[in-house]
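Understanding the architecture of this molecule
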Amino acid sequence: MTRAVTLLAPAKINLALAVTGKRADGYHELRSVFATIDLADRVRVAPDRRLEVRIAPDVGAPRGDDLASRAVRAMAAATGHDATAFVHIRKRVPVAAGLGGGSSDAGAVIRALATIWRRDDVDLVAVAARVGSDVPFFVSGARVALVSGRGERVDQLPDPTGMHVVIVRSRARLSTADVFAELRSDDRGAAASVDVLRDAFARRSVTPQLLRDNARNDLLAPAVRLCPEIAEARSHAAQRGVPLSLSGSGPTLFTVADDRRDALRIARTLRRMGLTAHAHTMAG
Ligand code: C5P
């Protein structure tokens, strides 16, 4: 029997995100190009007689109702297995930041349990959708994908190589539910950009400039209404010629650099302005 599985659970950014409608169940219809970055939690899953999830450092997740625990229970319900496992998560991805950290951990738990319980017959994307809207992308293993529906439809796109981004973290935390609740109908407009990016990835003709030109996110306006420091950071960076875009429901911001040197230079410039900025590889 497989004893333990350790996986890296990468963060994601939303290169463009369009909200295209509201559903009867209260969720929103989305179209978004997701890409992983080389910032990741480490998730170790081992068989156990009970369910225990340890997250270090402690991020204040509700005990027993964190996404990793919910992932174990969802896999158990789908397979008939007891909802037992020991999960240890070494956190590096900031939480409630728009980087999908908790969802990526949940995706890693589902994949690990499929291996440990030898259940390669289970539709992992369907299990993931029951845990959270961002989890299907992570469970799919795609590095870049067009994600649509509530998040349950994942169409993998070819990886670009050598794309570099700068991630700007904030100390603020934003709840995804709060940002969606703040959305107004006139906040929509990113759908064309999502399609431009999807086509460019599919044709393998993505350039940094194309990514910058189309890095639009319909959740930016509601996120700014809840967290005005997002607008402040964007306007300071814009004065130095750096366009910052929102990832997910925020508050994390990012920009696409021309190459690694450019990413390091931009990160230095933003740090001098007092922002917490680091260079990363995309789809890493
Ligand atoms: O699916 P998840 O639990 O991650 O979503 C958190 C919240 O974000 C939902 O309760 C909902 O308010 C909002 N949401 C939405 N439409 C989506 C995804 C999330 O309205 N497609």
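Quick note: structure is the one above.
Residues numbered from 1 in each chain as written. Predicted model: local features only at pLDDT ≥ 70, side-chain atom pairs only at ≥ 80, totals over all residues. Heavy atoms only, no water.

**Some thoughts on the site of the ligand**
Definition in use: Whether a residue is near a molecule or strand is decided by its heavy atoms; if any one of them lies within 4 Å of it, the residue is near. The term polar contact refers here to a pair of N or O atoms within 3.5 Å; inside protein, the definition further demands a hydrogen-donor-capable atom paired with an acceptor-capable atom, and it admits residues adjacent in sequence only when both atoms are side-chain atoms. Counting from the N terminus, the helices are the DSSP runs of H or I reaching at least four residues and the strands are the DSSP runs of E reaching at least two.
Around the ligand, the neighbouring residues are G26, Y27, H28, L30, G132, S133, R150, T176, A177 and F180. Residue H28 places a side-chain N or O atom 2.7 Å away from an oxygen atom belonging to the ligand. Contacts to the ligand include R150, whose backbone N or O atom sits 3.0 Å from a nitrogen atom. Those elements that provide at least two residues to the shell around the ligand are β2 (28-46) and α5 (176-182).

**A short note on the sheet that holds strand β9 (residues 253-257)**
Defined as follows: Strands were regarded as paired on the criterion that DSSP finds at least two bridges between them. Note on contacts: a residue pair is in contact if any heavy atoms of the two residues lie within 4.5 Å. Note on definitions: angles span 0 to 180 degrees between N-to-C directions of axes, and those axes are lines fitted to C-alpha atoms, for helices only across the stretch in contact.
As summarised here, the arrangement of the four strands in space is β8-β9-β7-β10, forming an open sheet in which the pairing is antiparallel. Of all strands in the sheet, those with a lone pairing partner are β8 (245-246) and β10 (276-281), marking the two edges. The pairing of strand β7 (residues 164-169) with β9 spans five bridges and is classified as antiparallel. Paired with H164 across the two strands is A257, which belongs to β9. On the sheet, helix α10 (residues 260-272) packs against β7, β9 and β10 and is oriented at approximately 170° with respect to β10.

**Comments concerning the pattern of salt bridges**
Threshold: Every case where a carboxyl oxygen of Asp or Glu lies within 4 Å of a side-chain nitrogen of Lys or Arg is listed as a salt bridge. Buried means the residue's accessible area, taken with a 1.4 Å probe over protein chains only, is under 20% of the maximum for its type, while exposed means over 50%, and partly exposed covers the values in between.
Tallying each qualifying case throughout the model produces 18 salt bridges. Here D65 ties to R73 by a salt bridge, and the two come within 3.9 Å at their closest N and O atoms. Assessed through its relative accessible area of 35%, R73 is described here as partly exposed. Salt-bridge contacts for E182 lead to R225; the nearest nitrogen and oxygen are separated by 3.0 Å. One end of the pair, E182, is in helix α5; the other, R225, is in helix α8 (residues 220-226), with 43 residues separating them in the sequence. Residue classification places E182 among the partly exposed positions, given a relative accessible area of 25%.

**Quick word on the pairing of β9**
Of all the five residues making up β9, five are buried; the element is thus mostly covered by neighbouring parts of the structure. Here β9 shows a buried face lined by L253, T255 and A257 and a second buried face lined by F254 and V256. Sheet topology places β8 next to β9; two bridges connect them, and they run antiparallel. The residue of β9 that forms the bridge with L246 is L253.

**As for unusual backbone geometry**
Note on backbone geometry: most residues besides glycine have negative phi, and most peptide bonds are trans. The amide bond that connects A56 to the next residue, P57, takes the cis arrangement and shows omega of -5°. Secondary-structure assignment places P57 in the loop between β3 (51-56) and α1 (67-79). Note the cis peptide between G250 and P251, where omega equals 5°. Position of P251 among the secondary structure elements: in the loop between β8 and β9. In this structure, R204 takes a positive phi of about 55° despite not being glycine.

**Quick notes on the packing of α1 against helix α2 (residues 101-116)**
What counts here: The hand of a helix crossing depends on one turn: near helix anticlockwise from the far one by less than a right angle means left-handed, and clockwise means right-handed. Each residue is assigned to one of three groups, with Ala, Val, Leu, Ile, Met, Phe, Trp, Tyr, Cys and Pro labelled nonpolar, Asp, Glu, Lys and Arg labelled charged, and all others, Gly among them, labelled polar.
Running from amino to carboxyl end, α1 crosses α2 at an angle of 35°, the nearest separation of the two axes being 8 Å. Judged by the twist between their axes, the crossing of α1 over α2 is right-handed. Contacts between α1 and α2 involve L67, A68, A71, V72 and M75 on the former and, on the latter, G102, S103, A106, V109, I110, L113 and A114. The class makeup of the residues in the contact of α1 with α2 is ten nonpolar, two polar and no charged.

**Examining the packing of α1 against helix α3 (residues 124-131)**
In plain terms, the rule: Reported orientations rely on four angle classes, namely roughly parallel under 35 degrees, roughly antiparallel over 145, roughly perpendicular from 65 to 115, and oblique for the rest.
Contact geometry for α1 and α3: axes closest at 9 Å, N-to-C directions at 135°. In terms of axis orientation, α1 runs oblique to α3. Every pair of crossing elements has a handedness; the one defined by α1 and α3 is right-handed. Every residue of α3 that contacts α1 at L67, R70, A71, A74, M75 and A78 is listed here: L124, V127, R130 and V131.

**A closer look at the environment of G241**
Relative to the assigned elements, G241 resides in the loop between α9 (229-239) and β8. On the basis of relative accessible area, G241 is assigned to the exposed category, the value being 60%. Separated by 25 residues in the primary sequence, G241 and I266 place their C-alpha atoms 9.5 Å from one another.

**A look at α9**
Put simply, the rule reads: Arc, as used here, means the arc of the directions from the helix axis to the C-beta atoms.
Among the residues of α9, I230, A233 and A237 are the ones counted as buried. Projected down its long axis, α9 carries its buried residues within an arc of 65°, all on one side. Looking at the packing, one finds that the buried side of α9 touches α8, β8, β9 and α10. One or two steps after α9, the chain reaches G241, where phi turns positive at roughly 80°.

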